[in-house]
Amino acid sequence: MNSGPALVSILRQGSTLIASVHTALDDSELERFRTDLVAQIGEHRSRGVIIDVAALDVIDSFAALTLRTIAEMARLRGARTVIVGIQPEVAFTMVRLGMGTGSIPTALDLEEGLALLTGGVDDGRRRP
């Protein structure tokens, strides 16, 4: 995004993109992340996206909305999205504030997220 240490890394593993958020992002950085990730979905013809937020100790309402927007844009481009690594304190705060991930599946960690995308884990949600 800017010079200095990477705020987000996006790696490809087969047909899946793994986006790891390394630090809290401000609103403009979140928008850039969204743009970059959605562009890479098309570039790599990705079928799955994992967004790893384990390094975050806060997810505000704009970040939660951006994650939902990314997942919807990915879905429209043919990719499923899973969010992994939400810390317990972050989950608690999100629930208390009435924020959530909408219909985006979540998983404990990267391993479970990959399994969920490949059909190795049932996320308990009904699919049309």
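So, here is what we can say about the structure in this document. (Residues numbered from 1 in each chain as written. Predicted model: local features only at pLDDT ≥ 70, side-chain atom pairs only at ≥ 80, totals over all residues. Heavy atoms only, no water.)

### What about the pairing of strand β1 (residues 8-13)?
Next up, step 1: Strand direction decides the pairing type here: β1 and strand β2 (residues 16-21), joined by six bridges, are antiparallel. Counted as the bridge partner of Gln13 is Thr16 from β2.
Next up, step 2: Linking β1 to β2, which pair antiparallel, is a turn of two residues; within it Gly14 sits at a positive phi near 65 degrees. (Pairing = 2+ DSSP bridges. Helix = DSSP H or I, 4+ residues; strand = E, 2+ residues; numbered from the N terminus.)

### Here we look at unusual backbone geometry
Next up, step 1: The phi angle at Arg45 is positive, at roughly 55 degrees, despite the residue not being glycine.
Next up, step 2: Here Arg45 is to be found in the loop between α1 (27-44) and β3 (48-52).
Next up, step 3: A relative accessible area of 70% places Arg45 in the exposed class. (Buried < 20%, exposed > 50% of the residue type's maximum accessible area, 1.4 Å probe, protein only.)

### Let's talk about the sheet that holds strand β5 (residues 106-107)
Next up, step 1: The five strands are arranged β1-β2-β3-β4-β5 in an open sheet whose pairing can be described as mixed. Of all strands in the sheet, those bounded by a partner on one side alone are β1 and β5.
Next up, step 2: Across five bridges, β3 lies against strand β4 (residues 80-84) in parallel orientation. Note that in β4 the partner of Ile51 across the bridge is Ile83.

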